[in-house]
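Fold and geometry: a report
Listed below, chain by chain, are the residues.
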Amino acid sequence: MDSPGLTAGAFRGTAEGPVPFGLRIGEILVARCGVAPEAIERALVKQREEGGLLGEVLTHLKLCDEDQLALALALQSEMGYLRDLPRAEDIPIELIEKLPINFARQRLVLPIGRDAAKRVMVAIADPTAVDVIDAVAVLLAEPVEPVVASSVKIIDHINKTYTRLRGTHELEASGKKGDSEEPEEDYQAEELVDMLDANDEQPIIRWVNSLMFQAARDRASDIHIEPGEKEIIVRYRIDGALREAKRAPRKFQNNIVARVKIMSGLNIAEKRLPQDGRIRRKMAGKDVDMRVATAPTAGGERITIRLLDRSSVLLGLPDIGFATDQLQIIRSVIARPHGIMLVTGPTGS
């Protein structure tokens, strides 16, 4: 399936045409990308002190953004530039299946569709990485046309597309092989690895991982896994409201519950009493703590998972945005030796 609107001409440089040969990246950023000369001078001083690539120094100091840097790299290498990647849903699955996620994330490269000439358009952050472009062509077994995009957008699309890939028909595929047996009771601690880097072959494991990653990406505060009459219903709590996220056939209930229990160190044989556990995982580079609670119901065990992002920044009172008089009142209440102050609102607000 071809992605709509992907043509080689649409990616080529800017309206002003190519830049003169031999211009350095800083000169291109000033001449064509709107970066101030003072910003380049400041970054050069920092580069001389600490080393590193000029582009990395500029973005680290927030003197230019990722899109400006990507455009400059594209102009310097005379390669196409893509500011906005296609929607993750529009990227053909058959292209993603051929490219291992570890390779895509380490090399910052992602196939995004085909152009009118049937070449695979490949977004890449480093246009000088000719070996990576060649490797992608070999893996896809098709001619490729590289285009430059910002590394941040490529990483974001890698997360979205591979999550979509892993969630596609996994449970249905496993159902064709027959109902799998429940996992063994002994629990083994799992190494803290990024869920997107996991290479588990079991569909149930991939499905549960995808469920948790999607919840973290959508900034959900809770995951509710509830048994229905014919299906398992999964809902996320986002901004205080429950929203349905997924459904699965009822026959997979025991396997899904057992998988979550194994991850959280709970007793998978105990199904009549409530249990509490904890999961710690990396999701797209972020450390996430999950508090797991199971409860027996008439239709089977219900699971509630509370997500806590360990990398989120805790703001102090002055940073929240209170007016000066309100802040003084709050501080005076906190300083009192007795009493209670209630803070209410949706979880995560």
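Residues numbered from 1 in each chain as written. Predicted model: local features only at pLDDT ≥ 70, side-chain atom pairs only at ≥ 80, totals over all residues. Heavy atoms only, no water.

Concerning the overall build of the protein chain
Helix and strand content of the protein chain: 13 helices and ten strands. Taking all 349 residues of the protein chain together, the buried fraction comes to 42%. Across the protein chain, contacts joining residues at least 24 apart in sequence account for 57% of those joining residues at least 6 apart. When the accessible surface of the protein chain is split by element, carbon and sulfur atoms take 51% of a total near 19600 Å². (Helix = DSSP H or I, 4+ residues; strand = E, 2+ residues; numbered from the N terminus. Buried < 20%, exposed > 50% of the residue type's maximum accessible area, 1.4 Å probe, protein only. Contact = heavy atoms within 4.5 Å. Areas by Shrake-Rupley, 256 points an atom, 1.4 Å probe, with all protein chains shown as cover.)

Focus: the pattern of salt bridges
Taken as a whole and judged by the stated rule, the model has 20 salt bridges. Salt-bridge contacts for Glu27 lead to Arg24; the nearest nitrogen and oxygen are separated by 3.6 Å. Taking the shortest distance from any N to any O, the salt bridge between Glu226 and Arg235 comes out at 3.0 Å. A single salt-bridge network, built from bridges that share partners, covers Asp67, Arg83, Asp84 and Lys153. (Salt bridge = Lys/Arg side-chain N within 4 Å of Asp/Glu carboxyl O.)

Focus: the pairing of strand β8 (residues 275-283)
Two faces belong to every sheet, and in a regular strand the side chains alternate between them. The two faces of β8 differ: Gln275, Gly277, Ile279, Arg281 and Met283 on one face are buried, but Asp276, Arg278, Arg280 and Lys282 on the other face are not. Two elements, β8 and strand β9 (residues 286-297), share nine bridges in a ladder whose sense is antiparallel. By the bridge assignment for β9, Lys282 is matched with Asp287. (Pairing = 2+ DSSP bridges.)

Quick word on the environment of Ser264
With respect to the helices and strands, the residue Ser264 is situated in helix α11 (residues 253-264). By relative accessible area, which is 7% here, Ser264 ends up buried. Aside from chain neighbours lying at most four places away, what touches Ser264 is Gly277, Arg278, Ile279 and Val292.

Here we look at unusual backbone geometry
Of note, Lys62 is a non-glycine position whose phi angle comes to about 60°, a positive value. Inspection of the secondary structure assignment puts Lys62 in the loop between α3 (54-60) and α4 (66-77). Judged by its relative accessible area of 73%, Lys62 falls in the exposed class. A positive phi is found at Ala141, a non-glycine position, where the angle reads about 55°. Residue Ala141 is classed as exposed on the basis of its relative accessible area of 66%.

No statement about biological role is implied by the geometric values presented.
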